[in-house]
Amino acid sequence: MTVKTCLLVTDDPDDHHAFSEAFSEISDDAVVLIVLDSQKALTLMKGRRHTPNYVFLDLSMHGIRVNTFLSAIRGSAELREMPTVVYGNEGDLEKIDQRDGLMFFSKQYEYSELREFLKKLFQYQSE
Amino acid sequence: MKGETYSLLLTAVGVRLIQLRKEKGYTSHEDFAYDHDLPRYQYWRLEKGKANFTIKTLMKLLSIHQISPEEFFVSLKEKDSVE
């Protein structure tokens, strides 16, 4: 069994619960790592101790430096191929200088929408 | 707030949520969670008084039951008085 790791970067406890539960429902081999801020997430990934299979970044987090985070990912040969999903409110997308290659998901999700999105993401990546 | 008081509050909230769920005709927390698009395990934890719920989560539940936060918390107090 190959474990798929999803790095969830958010300080929102509702997202912690929803994402964790949704992942466990759609995949037996998915593990969710939760990091409360983007800087620590970068440190985790750049330390090469772990490269996740997916990254989910909450754009509405307090103090988030989203462009710094995305630049760091794009600047790394190991990380740039990693599917990155940003999620937040519609206006949050404006914070991002370069949106190419990013997937976006609305933070105003219903639980079933989240589950469906994650299911499609997993299926797409498996093909 | 002392740990024990906090724990009692969460338990009281959970008990009230169970009552509200049953008043809506649901015998199962799973069916209730499924029909209202809630994460089942997270909802179960709320009913068991094991979850430190957010205001957003509580408001979603109260919206389902069409009860205001004031009515909800007053009903907790009233239940406490009766007991």
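Figured I'd write up the structure that's included with this text.

So, the overall build of chain B
Scanning chain B from N- to C-terminus turns up 5 helices and 0 strands. Helices (α) and strands (β) of chain B occur, in sequence order from the N terminus, as α-α-α-α-α. Within chain B, the proportion of its 83 residues that are buried is 39%. Considering only contacts in chain B between residues 6 or more positions apart, those separated by 24 or more positions represent 50%. By element, 54% of the accessible surface of chain B is carried by carbon and sulfur atoms, the whole surface being about 5400 Å².

Examining the packing of aromatic side chains
Following the criterion strictly, the structure yields 12 aromatic pairs over all chains and no others. Here the aromatic rings of Tyr54(A) and Phe122(A) are separated by 5.1 Å at their centres, their planes lie at 10°, and the arrangement is stacked. With Tyr54(A) in strand E3 (residues 54-58) and Phe122(A) in helix H4 (residues 111-126), this pair connects stretches of sequence that are 68 residues apart. We classify Tyr54(A) as buried; its relative accessible area is 2%. Assessed through its relative accessible area of 8%, Phe122(A) is described here as buried. Centre to centre, the rings of Tyr41(B) and Trp44(B) are 5.7 Å apart; their planes meet at 15°, and the pair counts as stacked. Of this pair, Tyr41(B) and Trp44(B) both sit in helix H3 (residues 40-47), separated by 3 residues, roughly a single helical turn. Judged by relative accessible area, which is 27%, Trp44(B) ranks as partly exposed.

A few points about helix H3 (residues 66-74) of chain A
Residues and elements named next belong to chain A. Where H3 is concerned, the buried positions are Val 66, Phe 69, Leu 70, Ala 72 and Ile 73. Within H3, the buried residues cover an arc of 160° as seen down the axis, which keeps them to one side. The secondary structure elements touched by the buried residues of H3 are helix H2 (38-46), E3 and strand E4 (84-88).

Re the interface of chain A and chain B
Chain A puts 10 residues into the contact, and the matching count from chain B is 11 residues. At the boundary of chain A with chain B, total buried surface from both sides reaches about 940 Å², with 39% on carbon and sulfur atoms. Taken as a group, Asp14(A), His17(A) and Glu21(A) account for 52% of the area that chain A buries against chain B, more than any other trio of residues on that side. The interface formed by chain A and chain B holds 3 salt bridges in total.

Observations regarding the sheet that holds E4(A)
Residue and element names in this part refer to chain A. Judged by pairing direction, the sheet is parallel, and its 5 strands sit side by side in the order E2-E1-E3-E4-E5 without closing on themselves. Strand pairing shows two members of the sheet lacking a second neighbour, strand E2 (30-35) and strand E5 (103-106), which therefore form its edges. On average, adjacent strands in this sheet sit at an angle of 20° to one another, irrespective of strand direction. Pairing of E3 with E4, which is carried by 4 bridges, proceeds in the parallel orientation.

What about the pairing of strand E1 (residues 4-9) of chain A?
All names here are of chain A. E1 sits mainly inside the fold: 5 of its 6 residues count as buried. As paired elements, E1 and E2 share 6 bridges and run parallel to each other. When the bridges of E2 are listed, Leu 8 appears paired with Ile 34. In terms of handedness, the path from E1 via helix H1 (residues 13-26) over to E2 forms a crossover that is right-handed. Two strands pair when backbone bridges link them, and E1 and E3 are joined in this way by 4 bridges, in the parallel orientation. Looking across to E3, one finds that Cys 6 is bridged to Tyr 54.

Thresholds, definitions, all that
- Residues numbered from 1 in each chain as written.
- Chains lettered and ligands numbered in written order.
- Predicted model: local features only at pLDDT ≥ 70, side-chain atom pairs only at ≥ 80, totals over all residues.
- Heavy atoms only, no water.
- Helix = DSSP H or I, 4+ residues; strand = E, 2+ residues; numbered from the N terminus.
- Buried < 20%, exposed > 50% of the residue type's maximum accessible area, 1.4 Å probe, protein only.
- Contact = heavy atoms within 4.5 Å.
- Areas by Shrake-Rupley, 256 points an atom, 1.4 Å probe, with all protein chains shown as cover.
- Phe/Tyr/Trp six-rings, centres within 6.5 Å; stacked < 30°, edge-to-face > 60°.
- Arc of directions from axis to C-beta.
- Buried area = accessible area lost by both parts, 1.4 Å probe.
- Salt bridge = Lys/Arg side-chain N within 4 Å of Asp/Glu carboxyl O.
- Pairing = 2+ DSSP bridges.
- Axes fitted to C-alpha atoms, helices over the stretch in contact; angles between N-to-C directions.
- Right-handed = clockwise from strand over helix to strand, strands pointing away.

Everything listed here is a matter of geometry and, on its own, says nothing about what the molecule does.
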